[in-house]
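Descriptive structure summary
Chain by chain, the residues:
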Amino acid sequence: MDLEDFELIYKENRVKIKDKTKIESKLKTIVGLNNYSTKKIDILAYTKDSTLIGFNWEIEGKIAGIADFITWPETIEQISEILKLANQEKIPVIPYGEGSGVVGGAIPIYGGIIIDMKKFNKVITINDKNLTVTAEAGINGMNLERYLNTNGYTSGHIPQSLYTSSLGGWIAHRAAGQFSTKYGKIEDIVLGMEVVLPQGEIINFKTIARASTGPQLDKLFIGGEGTLGIVTKATLKIWPSPEKRALISYAFPTIENSFNAVREILREQIYPAVVRIYDKSETARHFPDIDNAKDKVMVIFICEGNSRLVDLEESITREKCEKNTGIECGEHPVEHWLETRFRVTETSSMPPYKIVFDTIEVASLWDNAADVYHRVLESMNQIKGVLMTTAHVSHFYPNGVGIYFSFGGVPPKGNSDLKFYQECWDTTIKAVLEAGGSIAHHHGIGLNRSHWMDNEWGNAMNTLRQIKKVLDPNNILNPGKIYIDTWKRSEI
Amino acid sequence: MGIEETLNKYKWMVPLLQKADRETRSTLMKNFRQRKKNFFPEGEFKADVDNLIKCMLCPNMCRFDCGTLQATLTETMSPAYKARIGYYLTIGKIDYADSEFVDLMYKCTNEETCKVWCPFDFSVVSLLETVRDDINAKGFMPDFCKEQIEKLKNSNTIEGYNIFETYKEKGIENIETKGKDDVFYYIGCESMKFPEVIKANIEILKTAGIKFSTNLDKKICCGGPAFNIRDMETAIEFANKNKELIESTGAKIIISDCPGCILTLKERYEKAGVKIEKEIIHTTQYFMKLINEERIKITKSIPEEYRKITIHDPCLISRNLNDTESIRNILGKIQGLELVEPIYNNENTHCCGWSGTAHWADRDLAIKQAQNRVNELKETGVNIFISACPLCELGLAYGLKETEKEKYNILDISEILIKVL
Ligand SMILES: Cc1cc2nc3c(=O)[nH]c(=O)nc-3n(C[C@H](O)[C@H](O)[C@H](O)COP(=O)(O)OP(=O)(O)OC[C@H]3O[C@@H](n4cnc5c(N)ncnc54)[C@H](O)[C@@H]3O)c2cc1C
Ligand code: SF4
Ligand code: SF4
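The model shown is predicted, which means the values in this text are computed figures rather than measured ones.

About the criteria used
- Residues numbered from 1 in each chain as written.
- Chains lettered and ligands numbered in written order.
- Predicted model: local features only at pLDDT ≥ 70, side-chain atom pairs only at ≥ 80, totals over all residues.
- Heavy atoms only, no water.
- Disulfide = S-S within 2.5 Å.
- Buried < 20%, exposed > 50% of the residue type's maximum accessible area, 1.4 Å probe, protein only.
- Pairing = 2+ DSSP bridges.
- Helix = DSSP H or I, 4+ residues; strand = E, 2+ residues; numbered from the N terminus.
- Contact = heavy atoms within 4.5 Å.
- Axes fitted to C-alpha atoms, helices over the stretch in contact; angles between N-to-C directions.
- Near = heavy atom within 4 Å.
- Polar contact = N/O pair within 3.5 Å; in protein donor to acceptor, adjacent residues only side chain to side chain.
- Nonpolar A, V, L, I, M, F, W, Y, C, P; charged D, E, K, R; others polar.
- Domains from an automatic or database assignment.
- Core = buried A, V, L, I, M, F, W, Y, C linked by side-chain atoms within 4.5 Å.
- Buried area = accessible area lost by both parts, 1.4 Å probe.
- Salt bridge = Lys/Arg side-chain N within 4 Å of Asp/Glu carboxyl O.

1. Quick word on the state of the cysteines
Residue and element names in this part refer to chain B. Applying the stated criterion across every chain yields a total of zero disulfides over all chains. Left without a disulfide partner, C315 is nearest to the cysteine sulfur of C351, which lies 4.4 Å away. Residue C315 is classed as buried on the basis of its relative accessible area of 8%. Unpaired in terms of disulfides, C389 finds its nearest cysteine sulfur in C392, a separation of 3.7 Å.

In structure tokens form, the structure reads like this:
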């Protein structure tokens, strides 16, 4: 069997490696024999991330992109050396965390060297007085959180992919957890970082609560998507495990009512840890047994922390919900969510029926949030083949929201799945931009969204490209993502 | 999921589907009808294709707790990837002759932590066993498996020689049945490597005045390795022989010091059509019962050097027999004993590396897994590790460096119990 038996999706512009044996021997010297492979079985394992169209390809025996070498460095110096070698030889390097990214960020579309960060998996220290934890960036999220929990803390960063994503991946994609309305997103949580730059230089952003020391350069690497540097270590805020939790839910007649209720809560500087609004379709899907929520918009809240504060937050939350025509639905819907929140079955269920399915999370200010929601639904419903478009809203700010759309459908006759998929994405993003929203809330750009970056950023995108060029003149670090449109436009 | 539950789960889609145009609906219906034609192999196969597909298309939601993945820290060892390779082998996308890929189908331990977290309740090793069935049927059983089968056939045990015959030189007393025992103490092949444990168990049973036999002259392996390898012919042969031996003792209760034997005698035999109608329990469970019935009494306090201990819960006791209490209850009755729990304990215990086929397929992997577990136990700051499974005790020993063997002591629960009776 040869890997050539698998149809390759991204086959253009692959790097041509002149002297593979030489690179092999140098890589082996850098990382050691045990941390290096070109075996078919390892190469095939790194041909994908969790981009949903990739699951359709997987069952059809297609592979998205293919690397030439896999490495599992154990020290920051090894990473630095790999990057220096890659610059000399002009070979792409792709950082790989846990492969849960959903925008193709970790797919080696041009080939090259995978740097799997899994061996950077240690918790270095917890500092109770400063309320910080320092850990290596390859650590799995759940393993970090379990460690914190046993010591009486939480990071408050609980993405749905907690079980299958890494700290470095969170930083790379500016991730957001389910409890983010209280604890913040990853950029609010990271206080310090160690990064290897594309040319191998190691830099350190010291851990500090806040400083006024010129521009906040560290933020460049939060959302850098593995294109500007490889994060090897980070210090995060942590919190003592909450003393009390209040579980609250209300059903509203319209999405607008629910938006108003949540907006008014946040306006009072009340930050429930979890707020989730489900549109009518998603309410029907997740809460079919709740009579009060029939044909309504369900909203669930979790307030947590100091018990006196929680009591106050709970009472204001209830007051605002009731004022906005919310009907009490009790604790059960929240308990149901808590029980099922990591039970991901959709990615497995759709591809065998050739259903193309994906989620697109976008952001907007409050004043156009409802417009973004309705426009996306209306325009998606025009697409031939789309069976459903639904949404929930799970990240909130006093100034706006993150809306999470899910769509599914079957490509009409003559359309490839990728073409249909891209049409759905195009339509959603166009509607979002027209309504004044932003194209991504927390999944990042990767391959899937690079097409709209100029539109999103305007001429600031030129500045971003220049920064990339300064840091990575040979364009070796995770090329083909963010800055250029590598989606298979030719197939459209 | 039952039909009613499935219909309920997807009810929300009905209004959305009704809105779709006719062509879209008919494409969808066609896709539903043709799922097997599109994605299942032709001809005969045993692989559980439906569930392999589900698992391979999952974003590896159990990866953080998978022992083999955490030991190797590579995507190649991730649960969903194993299922993906299983699927590709089954549909012929990867050739059975490609041993690199076939071998991966054996690199699972039987710990099944995947099952704890899996939304589908899958145990990956069980899915891979169905792939192993096809590998065997097509004549591609790996050599490391053939070797084990050879040993079973030649010596009736897991070693190249009959390990039960070593009882005399190890000073283990053999008690042959006269057909009217209360209990058959079913000693595992692996347990024979720990004569002190067997001696302790025998002494405890004697102290309680139990009428029991060990039948070491007739004793053979339970056939566990053949079940793991899925050489079902050999497995059933062992099941039948064991059934005969067990029935010849007249005992109503079968106790074993090896949780692997219990799994095989209880569950695997029955699945293979050989049911043993006896109570089959672990020695720990039986000893707890004896303590409750006051047939054995803890009279002494624990010697100082054994005062502080930690527990390694064997996967098969905590997740298969669902019993994390017996061992703790026994220890709890010992005066002066201080138990320091490791972070991963009870049903969240981690594997010692030595269960299933992984240690034959990739010894380094098993050792790494053992080291991971030993490190977790060491984090308790305690240097006595108590367990209740000979394979665990073997695996943990592999996890210790030569230089650490003096410092750390791996003991079976019976070795502690015997000190306080
Ligand atoms: C079921 C499911 C649920 C999800 N839920 C959420 C959610 O609730 N919130 C959310 O924000 N996201 C969610 N995601 C998306 C995904 O989990 C996140 O994007 C996550 O941050 C990716 O982490 P990873 O370690 O898997 O990264 P990977 O997929 O391995 O890589 C992602 C990107 O990060 C880069 N990268 C990885 N490690 C490093 C490093 N150390 N330094 C520099 N670059 C690096 C890679 O090159 C790549 O570009 C979900 C995904 C799935 C499949
Ligand atoms: S065992 Fe379950 S959770 Fe683990 S990868 Fe397979 S489907 Fe996912
Ligand atoms: S059976 Fe064990 S080794 Fe195999 S996937 Fe499950 S947890 Fe991992």
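2. Thoughts on the sheet that holds strand β8 (residues 409-412) of chain B
Residue and element names in this part refer to chain B. Read from one edge to the other, the open sheet built from four strands follows the order β6-β5-β7-β8, with strand pairing classed as parallel. One side of each edge strand has no neighbouring strand; the edge strands of this open sheet are β6 (338-339) and β8. Here helix α18 (residues 325-332) sits on the sheet in contact with β5 (308-311), β6 and β7 (384-387), set at roughly 170° to β5.

3. Focus: the site of ligand 1
What surrounds ligand 1 is a group of 35 residues, the closest being P95, S100, S161, S166 and A176 of chain A. Surrounding ligand 1 are residues belonging to chains A and B, so the site spans chains. One of the backbone N or O atoms of Q160 of chain A is found 2.8 Å from an oxygen atom in ligand 1. Contact between ligand 1 and G169 of chain A: an oxygen atom at 3.0 Å from a main-chain N or O atom of the residue. Elements with a contribution of two residues or more to the shell around ligand 1: β5 (93-96), α6 (167-173) and β12 (230-237) of chain A. Of the residues forming the shell around ligand 1, the biggest block, five residues, is contributed by α6 of chain A. Residues of the shell around ligand 1, tallied by class, amount to 14 nonpolar, 19 polar and two charged. Domain assignment of the residues forming the shell around ligand 1 places at least three in each of domain 1 (3-116) and domain 2 (123-240) of chain A.

4. Here's the deal with the nonpolar core
Of all hydrophobic cores here, the largest spans 270 residues; its most connected members are L44 and M193 of chain A together with Y286 of chain B. The leading source of residues in this core is helix α15 (residues 417-434) of chain A, at nine residues. Among all residues touching L44 of chain A, those that are not within four sequence positions of it are L3, F6 and I63 of chain A together with Y81, R84, I85, Y88, I94 and F101 of chain B. Among the nonpolar cores identified, the runner-up in size contains 22 residues, and I30, V31, L83 and I113 of chain A belong to it.

5. A word on the pairing of β12 of chain A
Residue and element names in this part refer to chain A. Where burial is concerned, most of β12 is hidden: six out of the eight residues are buried. Bridge analysis of strand β8 (residues 132-136) against β12 gives five bridges, and the strand direction is antiparallel. When the bridges of β12 are listed, E136 appears paired with K233. Pairing geometry for strand β10 (residues 190-196) and β12, over six bridges, is antiparallel.

6. What about the domain arrangement of chain B?
Where the parts come together, the accessible area they lose is often given as the size of the interface. Residue and element names in this part refer to chain B. Taken as a whole, chain B is organised into domain 1 (1-27), domain 2 (34-140), domain 3 (144-292) and domain 4 (304-420). For domain 2 and domain 3, the distance between their C-alpha centroids amounts to 31 Å. The partner domain 3 presents eight residues to the seven residues of domain 2 that form the contact. Between domain 2 and domain 3, a total of about 650 Å² is buried, with carbon and sulfur atoms accounting for 42% of that surface. Three residues stand out in domain 2 for area buried against domain 3, namely Y106, E129 and D133, and they jointly supply 52% of the buried area on that side. For the pair domain 2 and domain 3, the number of links is two salt bridges. In this assembly, domain 2 and domain 3 are joined by five residue pairs in polar contact (both at pLDDT 80 or more). At four residues, helix α10 (residues 124-137) tops the list of elements feeding residues into the side of domain 2 that touches domain 3. Classifying every residue of the side of domain 2 that touches domain 3 by side-chain character gives one nonpolar, two polar and four charged.

7. A word on the sheet that holds strand β19 (residues 386-396) of chain A
All names here are of chain A. Spatial strand order, β17-β14-β16-β15-β19-β20-β18: seven strands in an open sheet with antiparallel pairing. Every interior strand has two partners, whereas the edge strands, β17 (327-328) and β18 (356-365), have only one. In the sheet, β18 pairs with strand β20 (residues 400-409) via ten bridges, with the strands oriented antiparallel. Looking at the pairing, V362 lines up with I403 of β20.

8. A closer look at the interface of chain B and chain A
Listed as interface residues are 54 residues of chain B and, on the opposing side, 61 residues of chain A. Of the roughly 5,400 Å² buried where chain B meets chain A, counting both sides, 62% is carbon and sulfur surface. At the boundary of chain B and chain A, one finds seven salt bridges. When the shortest N-O distance is used, the salt bridge between K40 of chain A and D98 of chain B registers 2.9 Å. In this assembly, chain B and chain A are joined by 24 residue pairs in polar contact (both at pLDDT 80 or more). Among the secondary structure elements, those contributing two or more residues to the side of chain B that touches chain A are α1 (3-10), α2 (13-19), α3 (22-33), α4 (35-39), α5 (49-56), α6 (67-72), α7 (79-90) and α8 (99-104) of chain B. In terms of residue count, the dominant contributor to the side of chain B that touches chain A is α3 of chain B (six residues). Classifying every residue of the side of chain B that touches chain A gives 30 nonpolar, eleven polar and 13 charged.

9. Section: the site of ligand 2
The immediate surroundings of ligand 2 are formed by 13 residues, with C55, C58, C62, C118 and V124 of chain B found nearest. Of the residues contributing to the shell around ligand 2, the split by class is twelve nonpolar, one polar and no charged.

10. Observations regarding the side chain of S155 of chain B
All names here are of chain B. Looking at the element boundaries, S155 is found in helix α11 (residues 143-155). In terms of polar contacts, S155 uses its side chain to reach the backbone carbonyl oxygen of E159, at 2.6 Å. Apart from the residues lying within four places of it in its own chain, the contact partners of S155 are G160, Y161 and N162.

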